[in-house]
Amino acid sequence: MRIVREVGIRIACVAALAAVCPVFGQVNQQQVLELHNEVVCRVNTEVISKRDIESRMGRAYYELYAIRSRSIELGRWTEQAQKEWDAEYFRYFRDHLRDAIKEQLMLQEAQRLAKDEKLDVDKAKLIKRRDQWAEKLAKDGVLGQPGYTLNDIEKQVREQMLIDNFRGTLMNMLDLPSRPQVEAHYRKNIEQYQRKPGVKVCRLQIARIVETSLGTKSVRENASKLAEDLYIRLTKDGEDFRDMVMDFSDDEAAIKKRGGLILGPDGDEFIDPEANPSIARMLRGMDTKFPKNISPVFDLDGRYWAIIQLVERRPAGPQPLDDKLYQKIYDSLAEQRNKSSEDEWFRKTIQKSLILRIEQGKETNIPLAFFFPEDEQAAPAKEAPKPEKAAPDAAKTDDR
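Rules behind the numbers
Residues numbered from 1 in each chain as written. Predicted model: local features only at pLDDT ≥ 70, side-chain atom pairs only at ≥ 80, totals over all residues. Heavy atoms only, no water. Helix = DSSP H or I, 4+ residues; strand = E, 2+ residues; numbered from the N terminus. Contact = heavy atoms within 4.5 Å. Expected span 1.5 Å × (residues − 1). Salt bridge = Lys/Arg side-chain N within 4 Å of Asp/Glu carboxyl O. Buried < 20%, exposed > 50% of the residue type's maximum accessible area, 1.4 Å probe, protein only. Pairing = 2+ DSSP bridges.

**Observations regarding the overall build of the protein**
Then step 1. A tally of regular secondary structure across the protein gives 14 helices and 11 strands.
Then step 2. Excluding contacts between residues fewer than 6 apart, the proportion of contacts in the protein whose partners are at least 24 apart in sequence is 69%.

**Some remarks on helix α3 (residues 79-115)**
Then step 1. The end-to-end C-alpha distance of α3, which contains 37 residues, comes to 52 Å, matching closely the 54 Å that a straight helix rising 1.5 Å per residue would cover.
Then step 2. Phi turns positive, to about 60°, at E117, one or two residues after α3.

**Points about the pattern of salt bridges**
Then step 1. Scanning the entire structure with this criterion turns up 32 salt bridges.
Then step 2. The residue R56 makes a salt bridge to E103 at a minimum N-O spacing of 3.1 Å. Pair noted here: R56 is in helix α1 (residues 50-57) and E103 is in helix α3, with a separation of 47 residues, a long-range link. Grouping residues by exposure puts R56 and E103 together as buried.
Then step 3. Between E88 and R91 there is a salt bridge, with the nearest N and O atoms lying 2.7 Å from each other. Here R91 and E88 lie together in helix α3, a separation of three residues that amounts to about one turn.
Then step 4. In this structure R91 comes out as partly exposed when scored by relative accessible area, which is 39%.
Then step 5. Counted as one network, the salt bridges with shared partners bring together R56, K102, E103, R167, K339, E342 and D343.

**Examining the pairing of strand β4 (residues 198-207)**
Then step 1. Summarising burial for β4: 10 of the 10 residues are buried, a large majority.
Then step 2. In β4, alternate side chains face the same way, and those of G198, K200, C202, L204 and I206 on one face and V199, V201, R203, Q205 and A207 on the other are all buried.
Then step 3. The pairing of β4 with strand β8 (residues 304-314) spans 10 bridges and is classified as antiparallel. Across the sheet, the residue bridging to G198 is R314, located in β8.

In C-alpha cells form, the structure reads like this:
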C-alpha cells in the first residue's frame, strides 16, 4: 500500500507491541500481537499492515510510546494504565485504518483509469515533488536505502498524485457552491459571523534599549526626549503621522511602510482594542481627550516610548460578506460537498469490494459500521417497548 509519509516517520518503527486490543473490536478485550508488522486487513488484492497504519499515526504514535516508556521506567505502568493506553492507541489506529482502506480503494480505481488512459499525473509536477522528497530524505541520511531509492520515491509520489487526481473526479462543476448558495449560507448563519468591536491604530515607537552590531545592549539616553519632540511635531506643527513613522519609528520595515498600521493575527486592519493593556489604556476616551486622535507619549511594554494614532473605530456586528469571508464560506461548503461525494463513492465501492479483517490468521468481513461510525451515533435512540395492556379477566362478570 502506498502512502507518502513524513520523513521523520520513515525511520524504522519501534519494537513489537504487547498486550494490545483488537483493531476492530472493543477495547475491553486483549490479545498479544507478537509480529512486528502484522497484516491487519486485505483490500481486494492488496494488504494493509500494522506498520502502514502506525506510519500514518505520525507524532501521536511516537508520543504514545514515549509516555509508555517513561511510565515503565518510573515503575508507574499498571494494568489500568495499559487499558487507558490501549484505548488511546486504538482510537488513533482505527481512524487511520479507515482512511488507509479508502485511499487504497481510490488508488486501485485510479490505477485502473490510468491504465485505460482516462486519468494520469503531470510528469513535470511528479518529478518536482519526487526531487523535493529526495532532498529531504538525503538530509535525513535515508535516501538510497531499501525502499527509499529514487524509483521508490517516484512510485510513491505518483500513487499519491493519482489518488489526489481521482478525488477531483468525484465532483463536477455543478456540485460546487454558487454565489447565491454562499450568500444564503451567510444569511442563515449570520450569528456565526459576528465580530467584536475593533480599532484601526497606527503606532510610532522609539526604542529605549539599543543594541550594537556586536550584540551589546545599552539604554538610549535621548529616547524619551525624542518621543516628546515627535509628539509636539505631530500635534502642534501638524506633521504627518505616516512620515514621522517612516523617518523615526523603531519598527519592522513592513509596519513602517504601512505608516505604523498594526494588523490583527489574520491580517485584519482592525484589531481588538483590549489586545495590549498599554494601548488599551490610551484608547479609552481617545476620541475626545486627545487632539487629532493622537495619544501622548506612553510606555509600551517597558521597551519603547510610543505614540499611537486612532484612525477609526469599528462597532461590533456582523462581518460583511467581503471577498475574504466569501472565499472562506465557499471553501467550507466545497469541502463538505466533496466529503459527501467521497462518502457516497466509498459506500458504493465497499459493497462491491473484498475488504477483510485479518486477526490471528483468520479473514472475516468488516462491518459497514466500522467505516461510518457516525451512522450509529446519529441514529435516534430506540424507545423502550411499551408494556402490553393486561388482557381483561375473563372470569370477571358485570355486576351492574
